[in-house]
Structure formats: structure tokens, C-alpha cells
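Below, each chain spelled out in residue letters.
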Amino acid sequence: QMQLVESGGGLVQPGGSLRVSCAASGFTFSSYTMGWFRQAPGKEREFVAVMTRTDGSRYYADSVKGRFTISRDNGKNTVYLQMNSLKPDDTAVYYCARAGTYSVRVEDYDYWGQGTQVTVSS
């Protein structure tokens, strides 16, 4: 059974930091591009960050560039999102997902985790 399980979300003050994790199982993790997306209440799911399967290249949405860092540990079958300088607008459910090719489109990701809530509030 394929699984993606996010963890590490929570409540943080503006300007604070969190690292969320996504543990994968049931497939060859190193063969897939992994991405992070988020969805705020009443809004569409949006791209956050992606890391390629081949050379480990990274790409970020403009809204998080310079503040967030995606990384992966293929030995642990885990992808991470380090979030620094958090803003209230970052409040959302954060999802990890896999894709067969590099993409920033929701439609190109074929398997998703259940999400973890990140709330940024004073």
C-alpha cells in the first residue's frame, strides 16, 4: 500500500519557524519527484515547492522563496519542508505529493498525503 504521511504541523507565531515532514512507503521513493502544496480555507490548492528525483534541483513559489527550503533523504524515504519567517498568510493545510516528472501543477501529482495543519497567529 502506498502511503504519504505528513507530520510536524502546529501553531507558530509570526516570524517563527516549523519543519514539516512527509514519510513515504509502498513505492520506490527515489524514483519520483516530490512536491509540497498548501490549501488555505476558501482557496484553491497551490504549489509551494518541488524537488526533482534525478539531480535534486529545487524550485519554489514566489510567495515562499527565500523563506522555505525543501529537502529529501532518500535513505529515510522522507521529504521535508523547512519554513522560516512565517507569516499569517502561510496558514494552510500542507500536503506532500509525488509526480513522475518535474511539475508545479496539482494535476500532475498522482498521490497525496492527508495533510498537516500549519497555523501562523499571534
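Residues numbered from 1 in each chain as written. Predicted model: local features only at pLDDT ≥ 70, side-chain atom pairs only at ≥ 80, totals over all residues. Heavy atoms only, no water.

Engineer: Could you give an account of the pairing of strand S5 (residues 46-51), naming the residues involved and the relevant values?
Structural biologist: Across the six residues of S5, five count as buried, placing the element largely inside the fold. Pairing of strand S4 (residues 33-39) with S5 involves five bridges; the strand directions are antiparallel. Its bridge partner lying in S5, Trp 36 is registered against Ala 49. Two elements, S5 and strand S6 (residues 58-60), share three bridges in a ladder whose sense is antiparallel. Within S6, the position partnered with Met 51 by the bridge is Arg 58. (Buried < 20%, exposed > 50% of the residue type's maximum accessible area, 1.4 Å probe, protein only. Helix = DSSP H or I, 4+ residues; strand = E, 2+ residues; numbered from the N terminus. Pairing = 2+ DSSP bridges.)

Engineer: How would you sum up the nonpolar core? Please name residues and give values.
Structural biologist: Membership of the largest hydrophobic core comes to 34 residues, with the highest contact counts inside it found for Trp 36, Leu 81, Met 83 and Tyr 94. Breaking this core down by element, the ones donating at least two residues are strand S3 (18-25), S4, S5, strand S7 (68-73), strand S8 (78-83), strand S9 (92-99) and strand S11 (116-120). Excluding anything up to four places from it in sequence, Leu 81 contacts Leu 18, Arg 19, Val 20, Trp 36, Val 48, Ala 49, Phe 68, Thr 69, Ile 70 and Tyr 94. (Core = buried A, V, L, I, M, F, W, Y, C linked by side-chain atoms within 4.5 Å. Contact = heavy atoms within 4.5 Å.)

Engineer: With reference to specific residues and values, describe the packing of aromatic side chains.
Structural biologist: What the rule picks out here adds up to eight aromatic pairs. Seen from their ring centres, Phe 47 and Tyr 59 are 6.1 Å apart, and the 20° between their planes marks the pair as stacked. Of the two residues, Phe 47 is situated in strand S5 and Tyr 59 in strand S6; the sequence distance between them amounts to twelve residues. Assessed through its relative accessible area of 12%, Phe 47 is described here as buried. Within the aromatic cluster, the residues linked to one another by ring pairs are Phe 37, Phe 47, Tyr 59, Tyr 95, Tyr 102, Tyr 109 and Trp 112. A cation over an aromatic ring shows up here: Arg 45 above the ring of Trp 112, its NZ or CZ 4.8 Å from the ring centre. In this structure, Arg 98 is placed above the aromatic ring of Phe 27, and the distance from its NZ or CZ to the ring centre is 4.8 Å. (Phe/Tyr/Trp six-rings, centres within 6.5 Å; stacked < 30°, edge-to-face > 60°. Lys NZ or Arg CZ within 6 Å of the ring centre and 35° of its normal.)

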